[in-house]
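Survey of secondary and tertiary structure
Chain by chain, the residues:
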Amino acid sequence: MKQNIPDWKEYLMKRLVGHGYSPNMKLEAVDLMEPRLVCVATVKRCVGRLLLIHFDGWEDEFDQWVDHQSPDIYPIGWCELMGYQLQSPPGLGKHH
């Protein structure tokens, strides 16, 4: 039985890579320019093993490519679980 798969390249990449990340997925990610900071981030694009990470609230020029197995990306809730400070996007800080 033949399957009708519209985009073989996309299908094969998903099957071969299989890392589970997808565009618009939220993460907590280390800012490689300021490694002590873990920030709210979004997967913007996936290309093979690589993920383009966008730091929420920042301009696109600060986006960073990382390998999907990078030790610098974490699931949502990691900072809370580990007791580490998660950096809010600029402009969304605490109001007193």
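To be clear, the structure that these remarks concern was listed above.
Here's a quick rundown of the structure.

Cut-off values and rules
The residue numbering used here restarts from 1 in each chain and proceeds along that chain's sequence as written. Local features are withheld for residues below a pLDDT of 70 in this predicted model, meaning they are given only at 70 or higher, and side-chain atom pairs are given and counted only at 80 or more; totals for whole chains, interfaces and linings count all residues. With hydrogens and water stripped out, all remaining heavy atoms of the structure feed into the side-chain values. A helix here means a DSSP run of H or I that spans at least four residues, while a strand means a run of E at least two residues long, and both kinds are numbered starting from the N terminus. Summary of the burial criterion: residues with accessible area below 20% of their type's maximum are buried, those above 50% are exposed, and those between are partly exposed, where the area comes from a 1.4 Å probe applied to protein chains only. Note on areas: Shrake-Rupley, 1.4 Å probe, and residue coverage restricted to the protein chains presented here. In this scheme Phe, Tyr and Trp rings, the latter by its six-membered ring, pair at centre separations within 6.5 Å, and the angle between planes marks the pair as stacked below 30 degrees, edge-to-face above 60, and tilted otherwise.

Quick look at the overall build of the protein
Check the secondary structure of the protein and you find two helices and six strands. Mapped in sequence order, the helices and strands of the protein form the string α-β-β-β-β-β-α-β. Counting across all 96 residues of the protein, residues that qualify as buried make up 30%. Carbon and sulfur atoms make up 56% of the accessible area of the protein, which amounts to about 7,400 Å² in all.

A short note on the packing of aromatic side chains
Tallied over the full model, the rule gives three aromatic pairs. Ring centres 5.4 Å apart and planes at 75 degrees place the aromatic pair Trp-58 and Phe-62 in the edge-to-face group. Judged by relative accessible area, Trp-58 falls into the partly exposed class, the value being 45%. The class of Phe-62 is partly exposed, set by a relative accessible area of 39%. With a centroid separation of 3.8 Å and an interplanar angle of 15 degrees, the aromatic rings of Tyr-74 and Trp-78 are classed as stacked.

In short, the description is geometric, and any link to function would need to be established separately.
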